[in-house]
Amino acid sequence: MVRSFLISLLILICFALFETSILSNLLFLPAMPDFLMICVLYFSACNGKVFGVVTGFSSGLVLDFLTASPFGFHCLLRTLIGYLSGLFNRSINLSGVLVPVAFALIATVAKKILIILISVTFMSVSSGVPFLSMSFLFELLANGIFAPIVFKFLDIFSEKLVLEQTTIS
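Just so you know, the residues in each chain are numbered from 1, in the order the chain's sequence is written. Reporting in this predicted model follows two pLDDT cut-offs: at least 70 for local features of residues, and 80 or more for side-chain atom pairs to be given and counted; totals over whole chains, interfaces and linings ignore these cut-offs and use all residues. Just so you know, side-chain values use all the structure's heavy atoms and leave hydrogens and water out.

This part takes up the packing of helix α5 (residues 98–121) against helix α6 (residues 134–155). Note on geometry: axes are C-alpha line fits, over the in-contact stretch for helices, and angles between N-to-C directions span 0 to 180 degrees. The secondary structure listing takes helices from DSSP runs of H or I that are at least 4 residues long and strands from runs of E that are at least 2 residues long, numbered from the N terminus. With their axes 8 Å apart at the nearest point, α5 and α6 run at an angle of 140° to one another. By the angle between their directions, the pair α5 and α6 is classed as oblique. Every pair of crossing elements has a handedness; the one defined by α5 and α6 is right-handed. Where α5 abuts α6, its residues Pro-100, Val-101, Phe-103, Ala-104, Leu-105, Thr-108, Val-109, Lys-111 and Lys-112 lie against Phe-136, Glu-139, Leu-140, Asn-143, Gly-144, Ala-147, Pro-148 and Phe-151. Residue classes follow a fixed rule: Ala, Val, Leu, Ile, Met, Phe, Trp, Tyr, Cys and Pro count as nonpolar, while Asp, Glu, Lys and Arg count as charged, and any other residue, Gly among them, counts as polar. Its residues assigned to classes, the contact of α5 with α6 shows 11 nonpolar, 3 polar and 3 charged. Note on terminology: angles under 35 degrees are roughly parallel, angles over 145 are roughly antiparallel, angles of 65 to 115 are roughly perpendicular, and the others are oblique. The crossing is said to be left-handed when, going from far helix to near helix, the turn is anticlockwise and less than a right angle, and right-handed when the turn is clockwise. Between two residues, a contact is recorded if the distance between any of their heavy atoms is within 4.5 Å.

Printed below as a string of structure tokens:
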């Protein structure tokens, strides 16, 4: 489990650096696709709630250090997303195209709802853009498009990332 977590942490750090250093500087994008959330969705759907919570918290911690958001905001948000997506552990087939797209779309809407709820706690964080703005719709579309691609990319490392399923008899 430790090896799987360290490999997933390395992947999360690479995606976080890609998001914060390259994608955030592309001025023509109304919003960025959330590759870290897509990775957390994959890790938690394959390995369960505990792994989802740990990778969600880790990705949030990395984002909290790399962005100007209040410390703990992304940790809380991504921990909740990791837990919620971990509820679907091994119950959905991630190998197709439609399921990852639907999974990412639902998670993006849940992320927006959680941001609105968490912004009540973190007074210095506004809830961001309105729910049906062009920015949110672009992020929704981008996450839906990139989810199957990221899932296929992470399938390359599935031997090292996906924990063995233990059965109790």
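Another point: the pattern of salt bridges. Salt-bridge detection follows one rule: a side-chain nitrogen of Lys or Arg within 4 Å of a carboxyl oxygen of Asp or Glu. In this structure the tally under the stated criterion is 3 salt bridges. Between Arg-78 and Asp-34 there is a salt bridge; the shortest N-O distance is 2.9 Å. Of this pair, Arg-78 sits in helix α4 (residues 73–86) while Asp-34 sits in the loop between α1 (2–22) and α2 (35–47), and the two are 44 residues apart along the sequence. Across this residue pair, the class does not change: Arg-78 and Asp-34 are buried. Across the pair Lys-111 and Glu-139 runs a salt bridge, and its minimum N-O distance is 2.7 Å. Here the residue Lys-111 occupies a position in helix α5, and Glu-139 occupies one in helix α6, the gap between them amounting to 28 residues. Residue Lys-111 shares its accessibility class with Glu-139, and that shared class is buried. When salt bridges with common partners are traced through the structure, they connect Asp-34, Arg-78, Lys-111 and Glu-139 into a single cluster. Only protein chains enter the accessibility calculation, which uses a 1.4 Å probe; a residue whose area is less than 20% of its type maximum is buried, one above 50% is exposed, and one in between is partly exposed.

This next bit is on the packing of α4 against α5. Interhelical geometry of α4 versus α5 gives an angle of 140° and a closest axis separation of 10 Å. By the criterion of interaxial angle, the relationship of α4 to α5 is oblique. Crossing geometry of α4 relative to α5 is assigned as right-handed. Note on element contacts: α5 touches α4 through Phe-103, Lys-111, Leu-114, Ile-115 and Ile-118, opposite Phe-73, Leu-76, Leu-77, Arg-78, Leu-80, Ile-81, Leu-84 and Ser-85. The class makeup of the residues in the contact of α4 with α5 is 10 nonpolar, 1 polar and 2 charged.

The next thing to look at is the nonpolar core. What makes a nonpolar core is a set of buried Ala, Val, Leu, Ile, Met, Phe, Trp, Tyr and Cys residues whose side-chain atoms join them at distances within 4.5 Å. Within the largest apolar cluster, 34 residues are counted, with the highest numbers of intra-cluster contacts made by Cys-39, Tyr-42, Phe-43 and Leu-154. Sorting elements by how many residues they give to this core places α2 first, with 11 residues. Excluding residues within four positions of it along the chain, Leu-154 makes contact with Ile-11, Cys-39, Tyr-42, Phe-43 and Leu-161.

The span expected for a helix works out to 1.5 Å for each residue beyond the first. With 21 residues, α1 ought to run about 30 Å at 1.5 Å a step, and its terminal C-alpha atoms sit 30 Å apart, in line with that. Those residues of α1 not exposed but buried are Ser-4, Ser-8, Ile-11, Leu-12, Phe-15, Ala-16 and Glu-19. What you see down the axis of α1 is that its buried residues fit within an arc of 140°, all on one side. Along α1, exposed side chains directed more than 90 degrees from the buried face belong to Val-2, Arg-3 and Leu-10. Where the residues of α1 are buried, they touch α2, α3 (49–66), α6 and α7 (158–161). This arc is taken over the directions from the axis of the helix to the C-beta atoms.

Glancing now at the packing of aromatic side chains. Working definition: rings of Phe, Tyr and Trp (its six-membered ring) pair if their centres are within 6.5 Å, and the pair is stacked with planes under 30 degrees apart, edge-to-face with planes over 60 apart, and tilted otherwise. Scanning the entire structure with this criterion turns up 10 aromatic pairs. For the pair Phe-35 and Phe-146, a centre-to-centre distance of 5.1 Å together with 65° between the ring planes defines the contact as edge-to-face. Of this pair, Phe-35 sits in helix α2 while Phe-146 sits in helix α6, and the two are 111 residues apart along the sequence. Its relative accessible area of 5% is what places Phe-35 among the buried residues. Classification of Phe-146 as partly exposed rests on a relative accessible area of 30%. Seen in terms of ring centroids, Phe-88 and Phe-103 are 5.9 Å apart; in terms of plane orientation they differ by 90°. Their pairing is edge-to-face. With Phe-88 in the loop between α4 and α5 and Phe-103 in helix α5, this pair connects stretches of sequence that are 15 residues apart.

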